[in-house]
Structure formats: structure tokens, C-alpha cells
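Next come the chains, spelled out residue by residue.
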Amino acid sequence: MAVADPPVPELAGRASACADRLRAADRVLLASHIDADGLTSGAIASTALGRAGIDHEVVFEKQLDAESVAGIAAREFDVVLFTDFGSGQLDVIAEHEARGDFVPVIADHHQPADRDTEFHLNPLLEGLDGASELSGAGASYVLARALEGPDGDNRDLAGLAVVGAVGDMQDSDGGLAGANEAVVADGVDAGVVETRTDLDLYGRQTRPLPKLLEYASDVTIPGISNDEAGAISFLTDLDVDVKRDGEWRRWVDLDGEERQVLASALMRRAVASGVPADRIEALVGTSYTLVDEEPGTELRDVSEFSTLLNATARYERADVGLAVCLGDRGDALAEARRLLRTHRRNLSEGLQWVKNEGVTDEEHLQWFDAGSRIRETIVGIVAGMAIGSPALDRSKPVIAFAEESAAELKVSSRGSHALVRRGLDLSAVMREASRAVGGDGGGHDVAAGATIPIGERDAFLAEADRLVGEQLA
């Protein structure tokens, strides 16, 4: 049954075929990834399956490899729905499909492997960019819309899809674009999402104003960024009541006029400090607010919501993140907040370690090996934070290593959209360089990962450096 007004028309046929196959199943195993995009993908798909009356169970995997796919096959479900991964592992999945272990249904946005399957929903297959136009949660949302029944639509799930897209850094050019815009429009129409042009700093809902400015790392403003005393001095000089009852106010506490005064003063300071015009423009972007969530909480702003989710599954508590996505505002939210405090501390310590130790420069890339000092589930986030800081060279991608086990190294890579426009594709680099040394990898052009044997780091680096050089030549 086709949806009357599909959010992404290019994917309507694929979504409809996937939905029909799921409806025909007795039971479905839903397998999803563990980052913010994966958790929201899983929550959207689980809600849609439940509303369609389709019996299902949910499992989360840190990565999809031969071992985890074999484990999924052993669960003996006739149909397995993969969300936010599966496309890149189709060569492994197809072998199980050929043996009759299960029928795969895939809603993903990562680069597909050189195999295909009948029920495959991926924007890349229809010429849409999976790194910037539609996330895993967006693909799951397109599927959820196709699963709608006569009792109502699933447009209220668009809010979670926006959280997933922002968690996947698809808003890094000031807002969501491409097919993501249609998902946002659905959320606005359903009354669950609100958009506005706003100061594009992380923590608008929860951070006191001095911390909001001090920790704003994407655009460095001398005398304010990474400078607590400077941020306080800047704020106290403004014609704005920045404190109430002795407590610092937050951005969300300011009215429109007060926000305008603060934002204008920040722009003037940036100009006077010689910040480049394109960086100053990056101070303003589109904010996405979940209107049903309580103001001043991590759940109200989609970027803070996505960070909260990252703090759950990356510490083996995907169940907590899923429960929050499904509406638990009691015990699950309290546990997620506790995990978030740990996550923030670990990220801060990880970034400080990188700044202290520095990186090693190759001809075309830079890298660091954190060993066991940075958890392998967050080393990619640390790498992304580091490439946005003055400690690293923004003109080269960064590759980060961390111990995954006694036998394997986790590899994470991060670039910039400027490098991607010049030809960088880290998905191809991670896949080809890892396979050259007996590992495997993939992801997006701007951010990708791999797993390699622990003794193959230097051989992997040499191959990755060569590949990046070829792409940027």
C-alpha cells in the first residue's frame, strides 16, 4: 500500500516494497546500530512495526560483521530488518539470505557493498547523498511512513528522525538539507518540530551563558572561546540582564530582543578579532526544537538529545537510549543523564589527551593512537572534536586508533565538508585500506571507520595516506 504523500518520492517504491514484506512476516528481528542515528532508527522502526501490529524483537550491534550477522541468523527469525547499517555488509548478509537463513530488509544510508538484495531502502541507490541528505533515522522514517495503516500516520516520528540526522552531523553546514528537509517539514506539519534561525552553539537549552560561549568550539573567538574569564567579562559588558536571582541564565531563558543583543555583540567581537567571514557565518544556523519536550532539558534541542543518546549505547546501555526514544521520562531518562555526565567527562579527558600528545603528520593525513586511553566507542567523537579545534590541521583528515580487543584495533576517521568537496571519500579509504590488511570498514565520505588486526596499523596508515593523496590530487 503506497503512501499518499511520501516524504521522499524517490524512495517511495523501495519503501513500499519493504513495508509489504514486513507486513507479510510472522515475526521480525529488528537489528540497529548503537549511535544516536542508530538508536533513533531503531525507535522509529520499532514504533512503526508496533503500530502496524507486526510482532518483533529489537537487538543492537556495535558493528555488523560476519560474527554478528551469524549471531543474528542463529536467532531463527524469518525476516530481519536492519536499520542504520546493513548496506555496507550486504556481501555477508547475502550469503545468509542465499542459504535461506532469513530474508533481509534494509533501511540504511551507508555506502552499499557490491551486492544487492530485493528489499533495500537506501538514498544512495536513488542518487541522494547518504552523508548529507538522509540519515539512517531518515531512511527508517521513510519506511515508517510506508508502514502506515488506516488508523493514522507516523509523521509524529519525524522528530526522532531529525534527532538522528543531527546526531549524524548532517546539519554541519548550518542546517539540514536535501531529503532531510522533507522530514523536517513533516515534523513541523505534525506539530512535533519547530525550526528557527538561531545562534548555532551547542547547549542552548541547558548550558549557563558563560559555558555556552566558553565551550563553543566550532567557531573560535579570541578572548571568549576556551576562556571562562573572557566569556564572563563579555557577558557582563552587555546591556542584557544575564543573571536572575544570582544565577546565570541560559540562552533558552532570554527573550528575542535579548538574544539579538547578545548575538550581534558576538558577531562584532568576532569581526574585530579577525575571525574569517565564512567562520562568522557559521555562528548562525537553523535550530530544531522538539516542542513536546520540557524547555530547558536535554530533550528539547535535537543536538543535545542526540548527545544524550550517544552517551547510552556507547557504554553498553542501548536499552536505556531506546527507552528514552520510546518516551520513558522516568528511570531511563535519569540513567541516561548519569551516563551523559560520564560521557562528557570521558570526551573532555580524551580531547585533552590528544591536545597534550599531539598528532603525527603524514603527507596527506594526520593520526593519533590512543591505545586503551580513549574508549574505542568514543574515539571517533574525540577525533571529530579534535579536528574542529586549533590543535589539529583542518586541511588534512584525521585518523584515530584505539584498542578494541587484544587482537583488533578500532579505526575512526574524520574529515571536513571542504575536503569532501575536493574529492575526499573516507568511506572508500577505510574500506580499501582496511581490506588491504585483513580488516573491514566503511561509512561516509566525511566520517568513516574500520577494524583491523592489531599489528597492521602502520601498513594500514601507508595505504590510507596513499588513497587520500590520490583523492585530493
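Residues numbered from 1 in each chain as written. Predicted model: local features only at pLDDT ≥ 70, side-chain atom pairs only at ≥ 80, totals over all residues. Heavy atoms only, no water.

Here we look at the overall build of the chain
Defined as follows: Secondary structure elements follow DSSP: runs of H or I no shorter than four residues count as helices, runs of E no shorter than two count as strands, and numbering proceeds from the N terminus. Just to be clear, the radius of gyration here is over C-alpha atoms, and the globule rule we use is 2.2 Å times residues to the power 0.38. Partly exposed describes any residue whose relative accessible area lies between the buried limit of under 20% and the exposed limit of over 50%, with all areas from a 1.4 Å probe on protein chains only and scaled to the type maximum. Only the protein chains shown count as covering a residue, and every accessible area follows the Shrake-Rupley method with a 1.4 Å probe. Here Asp and Glu are counted as negative and Lys and Arg as positive; His is not counted, and neither are the chain ends. To locate a charge, the coordinates of NZ of Lys, CZ of Arg, CG of Asp or CD of Glu are taken.
The number of helices and strands found in the chain is 18 helices and 15 strands. On C-alpha atoms alone, the chain measures out to a radius of gyration of 22 Å, which is about the 23 Å that the 2.2 N^0.38 rule sets for 473 residues. Projected onto the principal axes, the alpha-carbon positions of the chain cover approximately 70 × 55 × 40 Å. Looking at the 473 residues of the chain, the share that counts as buried comes to 55%. Accessible surface computed for the chain: about 19,200 Å², of which carbon and sulfur atoms make up 45%. Put simply, the chain has 45 plus and 84 minus side-chain charges, and the middle of one group is 4 Å from the middle of the other.

Concerning unusual backbone geometry
Although it is not a glycine, Asp-245 adopts a positive phi angle of roughly 55 degrees. Take Asp-245: its relative accessible area is 81%, and that puts it in the exposed class. You will see that Glu-316, though not glycine, has its phi angle at about 60 degrees, which is positive.

Regarding the sheet that holds strand β5 (residues 119–121)
To keep things clear, this is the line we draw: Pairing between two strands requires that DSSP report at least two bridges joining them. To define axes, lines are fitted to C-alpha atoms, for helices over the stretch in contact only, and angles between the resulting N-to-C directions are given on a 0 to 180 degree scale.
Taken together, the five strands give an open sheet; going across it, the order is β2-β1-β3-β4-β5, and neighbouring strands pair in parallel fashion. Among the strands making up the open sheet, the edge pair consists of β2 (56–60) and β5. The sheet shows a mean angle of 20 degrees between the axes of neighbouring strands, taken without regard to direction. Of the pairings in the sheet, the one linking strand β3 (residues 79–83) to strand β4 (residues 103–107) comprises five bridges and is parallel in character. By the bridge assignment, Val-79 is partnered in β4 with Val-103.

Looking at the packing of helix α6 (residues 158–167) against helix α7 (residues 179–189)
Our working definition: Each crossing is labelled by how the near helix is turned from the far one, with a counterclockwise turn of less than a right angle marking it left-handed and a clockwise turn marking it right-handed. Any two residues whose heavy atoms approach within 4.5 Å are treated as being in contact. Under the grouping applied here, Gly and all other residues not named as nonpolar or charged are polar, the nonpolar ones being Ala, Val, Leu, Ile, Met, Phe, Trp, Tyr, Cys and Pro and the charged ones Asp, Glu, Lys and Arg.
One way to put it is that α6 packs onto α7 with a least axis distance of 8 Å and a crossing angle of 145 degrees. Read as a crossing pair, α6 and α7 show a hand that is left-handed. Within the contact between the two elements, α6 uses Ala-158, Ala-161, Val-162 and Ala-165 and α7 uses Asn-180, Val-183, Val-184, Asp-186 and Gly-187. Class assignment of the residues belonging to the contact of α6 with α7 gives a composition of six nonpolar, two polar and one charged.

Notes on the pattern of salt bridges
Opposite charge on two side chains makes pairing possible when the charged atoms of those side chains draw close. Worth spelling out the cut-off: A carboxyl oxygen of Asp or Glu within 4 Å of a side-chain nitrogen of Lys or Arg is what we treat as a salt bridge.
The final tally for this structure, using the stated rule, is 32 salt bridges. The residue Glu-335 makes a salt bridge to Arg-338 at a minimum N-O spacing of 2.8 Å. Note that Glu-335 and Arg-338 are positioned in helix α14 (residues 331–357) at a spacing of three residues, about one turn of the helix. A single salt-bridge network, built from bridges that share partners, covers Asp-5, Arg-145, Glu-148 and Asp-186.

So, helix α15 (residues 379–387)
Taken across its nine residues, α15 has seven buried, putting it largely inside the fold. Val-379, Gly-380, Ile-381, Val-382, Ala-383, Ala-386 and Ile-387 are the residues of α15 that are buried. In this structure, the buried side of α15 is in contact with α12 (302–313), α14, β11 (366–369), β12 (398–403) and β13 (408–414).

Some points on the UniProt feature "domain: DHH-CID" (unreviewed entry) in the chain
Inclusion rule: UniProt positions are given in the numbering used here, feature names are shortened, and annotations may be inferred rather than shown by experiment.
According to UniProt, the "domain: DHH-CID" (unreviewed entry) feature falls on residues 201–284. Taken end to end, residues 201–284 comprises 44% helix and 6% strand; its first and last C-alpha atoms sit 8 Å apart.

Focus: the packing of aromatic side chains
Keep this limit in mind: For Phe, Tyr and Trp, where Trp contributes only its six-membered ring, two rings pair if their centres lie within 6.5 Å, and the inter-plane angle classes them as stacked under 30 degrees, edge-to-face over 60, or tilted in between.
Throughout the structure, instances matching the rule amount to five aromatic pairs. Between Trp-367 and Phe-401, the aromatic rings sit 6.0 Å apart at their centres with planes inclined by 85 degrees, giving edge-to-face as the arrangement. Placement of Trp-367 in strand β11 and of Phe-401 in strand β12 is noted, with a sequence separation of 34 residues between them. Across the pair, Phe-401 and Trp-367 agree in class, each one buried. Relative to Phe-460, the ring of Phe-401 lies with its centre 6.0 Å away and its plane at 85 degrees, an arrangement referred to as edge-to-face.

Looking at the sheet that holds β11
Strands belonging to one sheet form pairs held by backbone hydrogen bonds; the direction of such a pair is parallel or antiparallel. With mixed pairing, the six strands of this open sheet are ordered in space as β10-β11-β12-β13-β15-β14. The outermost strands of the open sheet, each flanked by one partner alone, are β10 (360–361) and β14 (440–443). Relative to β12, β11 runs parallel, the two being bridged by four bridges. In the sheet register, Phe-368 faces β12, and the bridge partner there is Ala-400. Its contacts with the sheet place α15 against β11, β12 and β13, and it is angled at close to 30 degrees to β13. Its contacts with the sheet place helix α18 (residues 457–472) against β11, β12, β13 and β15 (447–453), and it is angled at close to 165 degrees to β12.

Side note on the nonpolar core
Threshold: We define a nonpolar core as any set of buried Ala, Val, Leu, Ile, Met, Phe, Trp, Tyr and Cys residues linked to one another through side-chain atoms lying within 4.5 Å.
Formed by 87 residues in total, the largest nonpolar core has its most connected members in Leu-22, Leu-81, Leu-143, Phe-368 and Ile-374. In terms of residues, this core owes the most to one element, α14, which gives nine residues. Apart from residues lying up to four places away in sequence, Ile-374 is in contact with Gly-350, Trp-353, Val-354, Phe-368, Val-379, Val-382 and Ala-402. The next biggest cluster of nonpolar side chains, apart from the first, holds 25 residues, and it includes Ala-231, Phe-234, Val-242 and Leu-262.

What to know about the environment of Lys-62
Stated formally: N or O atoms within 3.5 Å of each other form a polar contact, as long as, within protein, one can give a hydrogen and the other can take it, and as long as residues adjacent in sequence are counted only when both atoms are side-chain atoms.
Within the secondary structure, Lys-62 sits in the loop between β2 and α3 (66–73). A relative accessible area of 36% means that Lys-62 is categorised as partly exposed. Those residues in contact with Lys-62, other than ones at most four positions away along the chain, are His-33, Ile-34, Glu-376 and Thr-377. There is a polar contact of 3.1 Å between the side chain of Lys-62 and the side chain of Glu-376.

Quick look at the packing of helix α1 (residues 12–23) against helix α5 (residues 136–146)
The condition is simple: Comment on the angle field: the value is read as roughly parallel under 35 degrees, roughly antiparallel over 145, roughly perpendicular from 65 to 115, and oblique elsewhere.
Contact geometry for α1 and α5: axes closest at 8 Å, N-to-C directions at 65 degrees. Viewed along their axes, α1 and α5 adopt a mutual orientation that is roughly perpendicular. Classified by chirality, the crossing of α5 by α1 is right-handed. Here Ala-15, Ser-16, Cys-18, Ala-19, Leu-22 and Arg-23 of α1 lie close against α5, whose contacting residues are Val-142, Leu-143 and Ala-146.

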